[in-house]
Amino acid sequence: QVQLVESGGGLVQAGGSLRLSCAASGRTVLMGWFRQAPGKEREFVGGIRWSPASTYVADSVKGRFTISRDNAKNTMYLQMNNLEPEDTAVYYCAADSKFRIAPGVSGRIDDYSSWGQGTQVTVSS
């Protein structure tokens, strides 16, 4: 499986911003961001398909979070603006290299075979 390296987490006050990065060791088909707060289920935040290119952001964070990519670096970014305490969680990058006919981005945990170590995002009030 590809190796995923995450960075960019940290402590921030409500209303602040953070940018998370996830660099893959090789080409992938799908990449996604998930987050998990203590006592909560893992939640799909958004992700990308590399080719054909597509991007998806969950309704719960749409308007505050955006996802972008760098093809040359096999890297996906999560720009988080106007952070709220409810955004506090461990954020995980995931990827999968299996070709699939279905278009778009998958939010199913089982569709991802590679996972990063997670990066902590803490938003204080």
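The sections below set out a description of the structure shown in this document. (Residues numbered from 1 in each chain as written. Predicted model: local features only at pLDDT ≥ 70, side-chain atom pairs only at ≥ 80, totals over all residues. Heavy atoms only, no water.)

1. Brief notes about the packing of aromatic side chains
Now for step 1: Under the defined criterion, the tally for this structure stands at five aromatic pairs.
Now for step 2: Linked through ring pairs, Phe34, Phe44, Tyr56, Tyr112 and Trp115 together constitute an aromatic cluster.
Now for step 3: Here Arg42 stacks its cationic end above the ring of Tyr92, 3.9 Å away from the centre of that ring.
Now for step 4: In this structure, Arg42 is placed above the aromatic ring of Trp115, and the distance from its NZ or CZ to the ring centre is 5.1 Å. (Phe/Tyr/Trp six-rings, centres within 6.5 Å; stacked < 30°, edge-to-face > 60°. Lys NZ or Arg CZ within 6 Å of the ring centre and 35° of its normal.)

2. A few points about the sheet that holds strand E8 (residues 75-80)
Now for step 1: Read across the sheet, four strands follow the order E1-E3-E8-E7 without closing on themselves; strand pairing throughout is antiparallel. A single partner strand is all that each edge strand has here, and the edge strands are strand E1 (4-7) and strand E7 (65-70). In this sheet, neighbouring strand axes are inclined to one another by 15° on average, regardless of whether the strands run parallel or antiparallel. (Pairing = 2+ DSSP bridges. Helix = DSSP H or I, 4+ residues; strand = E, 2+ residues; numbered from the N terminus. Axes fitted to C-alpha atoms, helices over the stretch in contact; angles between N-to-C directions.)

3. Here's the deal with the pairing of strand E6 (residues 54-57)
Now for step 1: With four bridges joining them, strand E5 (residues 43-49) and E6 adopt antiparallel strand pairing. For Ile48, the partnering residue across the bridge sits in E6 and is Thr55.

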